[in-house]
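A look at the structure
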There are 2 protein chains.
Amino acid sequence: MTKADILVHNGTILTMDDQNRIVPDGLLAISGNTIRYIGQPARNASQREPGGAEKGSVSAQKELDAEGGLILPGLINSHTHAAMTLFRGLADDLPLMQWLNNYIFPAESKMDADFVRVGTLLACAEMIMSGTTTFCDMYLFEEEVARAAQEAGMRCLVGEVIYDFPSPNYGEIEKGFIYTEALIERWREDPLVNIAVEPHSLFTCGEELLLKANDIALGKDVPLILHLAETKEELEEIEKRYGKRPVQHLKDLGLLGPHLIADHCVHINKSEIALLADSKVRVVHNPESNMKLASGISPVPEMIAKGITVGLGTDGCASNNNLDLFGEMDMAAKLHKANKLDPTVMDAQTVTKMATIDGARALGLEGITGSLEVGKRADLIVIDINKPHLIPMYNPYSHLVYAARGHDVKHSIIDGNLVMEDRRLLTLDVEDIIEKSKEKSRKVKEWVK
Amino acid sequence: MTKADILVHNGTILTMDDQNRIVPDGLLAISGNTIRYIGQPARNASQREPGGAEKGSVSAQKELDAEGGLILPGLINSHTHAAMTLFRGLADDLPLMQWLNNYIFPAESKMDADFVRVGTLLACAEMIMSGTTTFCDMYLFEEEVARAAQEAGMRCLVGEVIYDFPSPNYGEIEKGFIYTEALIERWREDPLVNIAVEPHSLFTCGEELLLKANDIALGKDVPLILHLAETKEELEEIEKRYGKRPVQHLKDLGLLGPHLIADHCVHINKSEIALLADSKVRVVHNPESNMKLASGISPVPEMIAKGITVGLGTDGCASNNNLDLFGEMDMAAKLHKANKLDPTVMDAQTVTKMATIDGARALGLEGITGSLEVGKRADLIVIDINKPHLIPMYNPYSHLVYAARGHDVKHSIIDGNLVMEDRRLLTLDVEDIIEKSKEKSRKVKEWVK
């Protein structure tokens, strides 16, 4: 008899490993923050899969019964502006510049650290409750984001947004680099929080800023993250300023490389896809935000065909307006079918990978999370399928993408810690967060009056 | 003090009436199957809205506290094949003909009445639990669908699918008309069930069948419902057979009129939109199914601009794979923004109307349901907004379309009967339905082996 800290059993395990191994009637054992065994329970010893550290029967302090449901890696939201939960539904269905200039920018100029703290805690509550265990954030006051993630027990890659004008957080541009470097040093050893260098975009960051940001990222060995080719307006602006398209501009500056994570990539052509692929740039697809803001449709099937790693993100709640990656998976699968008039593109398994292992690869965390494998950190969720809308189940991937939604997540474990059990959040005080969020929203209404 | 049977209070009432009236801190009283009062509670008597039958304080046998949430008309799913819940996820991401010929048609040929009964009960459970109170169905064994809806307490418009080949239900074509006429007579006085005449489509129904179906619909004063211009293949087939496009073919047969409900209308051009508008044909939009099957994108903004009434449907669970109209609203709003590259099209209020009052208009039930108005039948739902993903709330329409999902529906009342309270179904035995659905799915696996 081997001892584990947590046992999850009686469910179909979708490992999302390189062989897309599925273990029916599976059992998964966790010790500390690490997965120690994946296979079938002792009564089926003869059918047991190889590779588990222990093969005998296992007991644990805590046992979670999946009740015939699905056990899979926690989802990875590869692009968020978490605190924008507090702007959810503030303004919708407007032309982009009216939305930005009359609502988002005025509100953001009044924000402070506590606003970001509360908004991020609200986002963490929503993300955990809809199956996300790792998120990648770009916003202001990111020290607060890192602390909120730590409090929630969520894994994250975060970075302070830097651009060519003063910030409500750090003030003058130069201090943005100092703030970022301090973040990197302060969180370097943290088991959950990872830091990136995050210049906002090519149209808000001049060459000097981009080069300096790139130097810091390379020097500190952390990812460089920016918005790239999101809108037609951006494309036109960059062409006007530099006489070339965004991807070429990045290439000429020497910024294309395996350290770069490019969000959106809506307006890119074939040769740019080839450039990104050759440079091993990682891309994050945000279909709902791109649709809602009418930015366009990113050529994701083409990028995947060229071998580019593509993760999935919700973007901020002001342009989505939720952080539910199940809805995002559904949208990603259906949007490209409609766009290509081909029902075979973006099949359910491909999309599930985008939200799990490919998301981890996009963030450079594939050694730690994104799949269920012995030796990896225990980041996993359990889906309850005993509900009318999840009956019957012929194919688990189809179920996840086309039928399940965030609310169907029953349990969540991050880094070996049970953070949600039977939909009860164990790390956060939801009522307190809701109350504080409502207070903040009353301020927002005054700011944009 | 006036007596009511059910009182719903402490919520924001979205009436969806012609003025889009919203009643904050609203109270709604139901006697029998009818809405008797909508306004604010007695303590705010001075602010009370006119038009209520009673204006004093009201007491009731049953009081439902909306806890600050949203009270709105029950949603209307204007196009379903309800029993196809049992094919949910059976086959996805396949070319259309492979999907139909290898999976759907073989399975449907083996179906019997009990299969449709169980599948429809499963669909009713899913629909009520995701906020739908009325659905419009086309399938086989529709007597079973009507009975299942009656058992579930759901309002519906249903009809037996008729086409140019024998049916596993009624046998030879001629019996399809007899079966349909019997349905119409049997259910004529039912408070919940309404019957339509439903020839499948122009490519499965010849001229003779279409003309006869039309005669019955006009003679019995019930709607005529068919799939129209869903796929490019249909368009090409009709052009090949008749030398004209589907809408013109219908016009030449004399079938265009206010009695016609046309599902899909994906492949229609400007002049066809004008024809449909002039003829007062009603249309049902099914964005998720059209996307998943890669049928194309229906020109819905153009149809609405021309004054066509457009309802919203999920289509069957084999091509969606869920019956959640909240997800469908989100998809409808975002799809057309992306398609038109215009964030202002299909705003949240327009889309909410499609799923409520415009759905009722599409089905000819606008005198009965689709809005909350004194004298109308009490079909309504309550949304619980005390959850992280629904905090804060700036705009209720935005919340419904972009953030809420089926699971956020807390209570449901249909025709004055409480059918779901605190997410517990009161009319159906969910565990029994789930068990029977699993049994049926085991048979389906054998059928398509």
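Only a predicted model underlies this, so the values are computations on that prediction, with no experimental measurement involved.

1. Comments concerning the domain arrangement of chain A
All names here are of chain A. What the domain assignment reports for chain A is domain 1 (2-72 + 371-425) and domain 2 (75-363). Distance between the C-alpha centres of domain 1 and domain 2: 29 Å. The interface of domain 1 with domain 2 comprises 28 residues on the first partner and 31 residues on the second. Taking both partners together, domain 1 and domain 2 bury about 2300 Å²; carbon and sulfur atoms supply 64% of that area. A salt bridge links Asp 330 to Arg 405; the shortest N-O distance between them is 2.6 Å. Counting across the interface, domain 1 meets domain 2 through seven residue pairs in polar contact (both at pLDDT 80 or more). Counting only elements with at least two residues in the side of domain 1 that touches domain 2, the list comes to strand 15 (380-383), helix 14 (396-403), strand 16 (409-414) and strand 17 (417-421). Broken down by element, the residue count for the side of domain 1 that touches domain 2 peaks at five residues, all from helix 14. Broken down by class, the residue content of the side of domain 1 that touches domain 2 amounts to 15 nonpolar, six polar and seven charged.

2. Things to note about the packing of aromatic side chains
Inspection of every chain in the model, using the stated rule, returns eight aromatic pairs over all chains. The interplanar angle of 40° and the centroid separation of 5.3 Å between the aromatic rings of A:Phe115 and A:Trp447 together place this pair among those described as tilted. Of the two residues, A:Phe115 sits in helix 2 (residues 113-129) while A:Trp447 sits in helix 15 (residues 430-447), which places them 332 residues apart along the sequence. Here the two residues A:Phe115 and A:Trp447 agree in accessibility, since each one is buried. Measuring from ring centre to ring centre gives 4.3 Å for B:Tyr163 and B:Phe165, while their planes differ by 25°; the resulting arrangement is stacked. Look at B:Phe165 and you get partly exposed, because its relative accessible area is 37%. Pairwise contacts between aromatic rings join A:Phe87, A:Phe115 and A:Trp447 into one cluster. Positioned above the aromatic ring of B:Tyr402 is the side chain of A:Lys292, whose terminal nitrogen or guanidinium carbon lies 4.6 Å from the ring centre.

Reading guide: rules and limits
- Residues numbered from 1 in each chain as written.
- Chains lettered and ligands numbered in written order.
- Predicted model: local features only at pLDDT ≥ 70, side-chain atom pairs only at ≥ 80, totals over all residues.
- Heavy atoms only, no water.
- Domains from an automatic or database assignment.
- Contact = heavy atoms within 4.5 Å.
- Buried area = accessible area lost by both parts, 1.4 Å probe.
- Salt bridge = Lys/Arg side-chain N within 4 Å of Asp/Glu carboxyl O.
- Polar contact = N/O pair within 3.5 Å; in protein donor to acceptor, adjacent residues only side chain to side chain.
- Helix = DSSP H or I, 4+ residues; strand = E, 2+ residues; numbered from the N terminus.
- Nonpolar A, V, L, I, M, F, W, Y, C, P; charged D, E, K, R; others polar.
- Phe/Tyr/Trp six-rings, centres within 6.5 Å; stacked < 30°, edge-to-face > 60°.
- Buried < 20%, exposed > 50% of the residue type's maximum accessible area, 1.4 Å probe, protein only.
- Lys NZ or Arg CZ within 6 Å of the ring centre and 35° of its normal.

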